Amino acid sequence: MPANKSSSVARQPCVLPFSKPTAELFEAALPTLKEESRQCIENLLSYRARCTQVKFPRRQSAAVLVPLFIGRAGDLYVLLSRRSASLRQYAGDTALPGGKVDPQDSSAEDTARREAFEEIGLIPDRERVPLLCVMEPFIAGNKMVVTPVVVLILDNTMQPSLNQSEVTSIFSQPLASFLTSSFPFHPYRVPDPSVPYHTTIEWEWSGGGRIRMHRFLTGREADGVKPVSGLTASILIYIAVWGYRRAPDFEFQPPNAPTQAQQIACALLTPSSPLRLACVREGIDTNIMATFILHTLQELNSWPGMIEWDKSGQDWRLPTEGLISQRINVTKQEKHDNADEHKDMHKERQERRWEVGDGAKSGASEDAGQRSGQNKRKDGDAKL
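What counts, and where the lines are drawn
- Residues numbered from 1 in each chain as written.
- Predicted model: local features only at pLDDT ≥ 70, side-chain atom pairs only at ≥ 80, totals over all residues.
- Heavy atoms only, no water.
- Pairing = 2+ DSSP bridges.
- Helix = DSSP H or I, 4+ residues; strand = E, 2+ residues; numbered from the N terminus.
- Contact = heavy atoms within 4.5 Å.
- Axes fitted to C-alpha atoms, helices over the stretch in contact; angles between N-to-C directions.
- Phe/Tyr/Trp six-rings, centres within 6.5 Å; stacked < 30°, edge-to-face > 60°.
- Buried < 20%, exposed > 50% of the residue type's maximum accessible area, 1.4 Å probe, protein only.

Draft legend 1. Broad picture of the sheet that holds strand 11 (residues 228–229). Across the sheet, three strands lie side by side as 9-10-11; this open sheet has antiparallel pairing. Each edge of the sheet is formed by a strand with only one pairing partner; in this case those strands are strand 9 (198–204) and strand 11. Looking at chain direction, strand 9 and strand 10 (residues 210–216) are connected through seven bridges and run antiparallel. Residue pairing for strand 10: His198 is matched across the bridge by Phe216. Here helix 5 (residues 230–244) sits on the sheet in contact with strand 10 and strand 11, set at roughly 90° to strand 10.

Draft legend 2. Region of interest: the packing of aromatic side chains. The final tally for this structure, using the stated rule, is 10 aromatic pairs. Where Tyr47 meets Trp242, the ring centres are 5.0 Å apart and the plane angle is 80°; that geometry is what we call edge-to-face. With Tyr47 in the loop between helix 3 (35–46) and strand 1 (61–70) and Trp242 in helix 5, this pair connects stretches of sequence that are 195 residues apart. Summarising the burial analysis for this pair, Tyr47 and Trp242 share the class buried. Seen from their ring centres, Phe185 and Tyr197 are 5.9 Å apart, and the 90° between their planes marks the pair as edge-to-face. Taken together, the residues Phe185 in the loop between strand 8 (167–174) and strand 9 and Tyr197 in the loop between strand 8 and strand 9 connect sequence positions 12 residues apart. Note on Phe185: relative accessible area 12%, which makes it buried.

Draft legend 3. Spatial organisation of unusual backbone geometry. Even without glycine at this site, Tyr90 takes up a positive phi of about 55°. Topologically, Tyr90 is positioned in the loop between strand 2 (76–83) and strand 3 (94–95). Here Tyr90 falls in the exposed class, since its relative accessible area comes to 58%. The phi dihedral of Arg245 falls on the positive side, at around 55°, and the residue is not glycine. When you line up the elements, Arg245 lands in the loop between helix 5 and helix 6 (260–269).

What follows is the structure, encoded as structure tokens:
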């Protein structure tokens, strides 16, 4: 009897690079895991960032943890936090757990996991909370390089422990909701249903072009929870795009917008930028770093598996990369001129030393001659 056709196309078992305890936890979650969620996890596991090889100055580096977990219906959710109203910066904002690099941190993953443990009590257990990927870095405020670290919470028995001085509450939102402009929940959950779920604002970027920032409602605005916006929204859109391998139903950035890598490169070459100044203090060559980032960007844009959506900013790159290259060349020329000036000064000092040396020798000869004449006269006087 021929085999059942449906059984021949049964879903292949999911093979992921997890340790045995982690794999067992993941297998336990498979019965409820949707196919698109499984594919999203595999796509994030296969993501390889290029710019993470760059050594950014530690004092201007930070990392955020993007904790994903599997919901009861098999969808992927991201855990978000409401920052304390008593904080000096970004008080009350909806954010991802994270913060600046500490001296003891050896990687962005260490920073993100440590901060998540300090803020929401998420235990840095690499078996129960395995790493999916480390994303390309983002830049915040033209001064801080922020690296997103994506993890998957597999143990649903883990309980949060909030640091009330930093976090007021935590909640979750579907990861796929950052790819849509329509409500992922019923509009009655927001104070004013006429307010759209997704909105944007734009401003002129100092390096040319325009930057668009996104804002997503949480459905908890009645409780004082702010929308997901700014850098947090950009990071979640980027992760959702790479995970689900589809573009959002809205335009992410204008055609003339710079990419994150281009913004970082420009900040590295801006003399007054805190990022460049930090590099100088730590002995990092910003010109080499910017060139590497732009070269890496060019390789990514030519990568066969690249999503069309991720090519945003290429229209900007053509006219502006010339400007960045020009800045690098100007800086190199300044260094060359300074080196020539240093050589000229060194040569002038050397010539002065020689002149002083010749004068000293001449004076010494004259003194020797005078002493010789005096001795001769003394000898003559003695003879007389």
